[in-house]
Amino acid sequence: MAEVTFAKADPVAGLIDVPLPHEVSLLPQTWEARLAIVLLVVAVGAALWRYAHLRRVNRYRRQALAELSRIEHARNSASPELLSKLTVLVRRTALAAFPREQVAPLIGPAWLSFLDRSYGGEEFSHGVGCLLVSGPYQRMPPDGAELQSLVRLVRRWIRGHHA
């Protein structure tokens, strides 16, 4: 008898290649989406520019606050020395923020009045801020509570004055 052999059929031979889909573009297809992306990029750019501008404009404030912290933590200095350092710091900060012609000639009550006007209070003319003008020349140095109050006032002025 003759042996019957069956040829094994290749099961993959009859398959048809499935075409792959087209690559998806990363560029949006609608003009509205493109416009939204452009507006988003412009807004982010404007925000970054504004942040950099404000950071550059207020650099003198950060430096003044750092100097105030150094003065405040140097507790071994005498109170007249502390008062003179605070006076110089406030004057330098005002010269950095305001026109030199407006700030440099001011002394005494006019200087204190200018400080009051620039930040919207009266603590310099009628409060502890008077120590900036008269403190180094007093016979009795101010006590620690007055100095702390003056340091807080100077910190508020540095943070809040407006040109």
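Residues numbered from 1 in each chain as written. Predicted model: local features only at pLDDT ≥ 70, side-chain atom pairs only at ≥ 80, totals over all residues. Heavy atoms only, no water.

A. Spotlight on the overall build of the protein chain. For the protein chain, the count of helices and strands is 8 helices and 0 strands. Sequence-ordered secondary structure for the protein chain, helices as α and strands as β, is α-α-α-α-α-α-α-α. Overall size of the protein chain, expressed as C-alpha extent along the three principal axes, is 135 × 40 × 20 Å. In the protein chain, once contacts between residues fewer than 6 apart in sequence are set aside, the share between residues at least 24 apart is 58%. Counting every atom, the protein chain has about 12,000 Å² of accessible surface; 62% of that belongs to carbon and sulfur. Placing the 20 positive and 14 negative side-chain charges of the protein chain at their respective mean positions leaves the two points 14 Å apart. (Helix = DSSP H or I, 4+ residues; strand = E, 2+ residues; numbered from the N terminus. Contact = heavy atoms within 4.5 Å. Areas by Shrake-Rupley, 256 points an atom, 1.4 Å probe, with all protein chains shown as cover. Lys, Arg positive; Asp, Glu negative; His and termini not counted. Charge placed at Lys NZ, Arg CZ, Asp CG, Glu CD.)

B. Fine view of the nonpolar core. One finds L86, W111, F114, L115, F124, L150 and W157 to be the most contacted residues of the largest nonpolar core, which totals 30 residues. Secondary-structure elements contributing two or more residues to this core are α2 (59-73), α3 (79-97), α5 (108-119), α7 (131-134) and α8 (144-160). Not counting residues up to four positions away in its chain, the partners in contact with W111 are V90, R91, A94, V103, L106 and V133. (Core = buried A, V, L, I, M, F, W, Y, C linked by side-chain atoms within 4.5 Å. Buried < 20%, exposed > 50% of the residue type's maximum accessible area, 1.4 Å probe, protein only.)

C. Region of the structure containing the pattern of salt bridges. Applying the stated rule across the entire model yields 2 salt bridges. Across the pair R70 and E67 runs a salt bridge, and its minimum N-O distance is 2.7 Å. Taken together, the residues R70 and E67, both in helix α2 and 3 residues apart, mark about one turn of the helix. The exposed category is assigned to R70, whose relative accessible area is 51%. You can call E67 partly exposed: its relative accessible area is 23%. R155 is paired through a salt bridge with E72; the nearest N and O atoms lie 2.7 Å apart. (Salt bridge = Lys/Arg side-chain N within 4 Å of Asp/Glu carboxyl O.)

D. Representation of a positive patch on the surface in the model. The grouping of R55, R56, R59 and R62 at the surface amounts to a positive patch. Of all the secondary-structure elements, those providing two or more residues to the positive patch are α1 (31-57) and α2. Turning to its location among the elements, R62 is positioned in helix α2. Of the residues examined, R62 reaches a relative accessible area of 33% and is grouped as partly exposed. (Patch = residues over 30% accessible without salt bridge, like charges linked within 9 Å, V, L, I, M, F, W, Y side chains within 5 Å.)

E. Representation of the packing of aromatic side chains. As enumerated under the stated definition, the model contains 3 aromatic pairs in all. A connected cluster of aromatic rings, assembled from ring pairs, spans F98, W111 and F114. The side chain of R91 reaches across the aromatic face of W111, ending 3.9 Å from its centre. (Phe/Tyr/Trp six-rings, centres within 6.5 Å; stacked < 30°, edge-to-face > 60°. Lys NZ or Arg CZ within 6 Å of the ring centre and 35° of its normal.)

F. Region of the structure containing the environment of V42. Here V42 is to be found in helix α1. According to the relative accessible area criterion, V42 is exposed, its value standing at 52%. Sequence separation between V42 and V57 is 15 residues; the distance between their C-alpha atoms is 22 Å.

G. Structural detail: a nonpolar patch on the surface. On the surface, a cluster of nonpolar side chains totalling about 360 Å² of accessible area is made up of W31, L35 and L39. With respect to the helices, strands and loops of the structure, L35 is situated in helix α1.

H. Structural view of α2. For α2, which comprises 15 residues, the first-to-last C-alpha distance of 21 Å matches the rise-based estimate of 21 Å (1.5 Å per residue) to within 8%. Those residues of α2 lying buried are Y60, R61, A64, L68, I71 and E72. Down the axis of α2, the smallest arc covering the buried residues is 110°, so these residues share one side. In α2, the exposed residues that point more than 90 degrees away from the buried face are Q63, R70 and H73. (Expected span 1.5 Å × (residues − 1). Arc of directions from axis to C-beta.)

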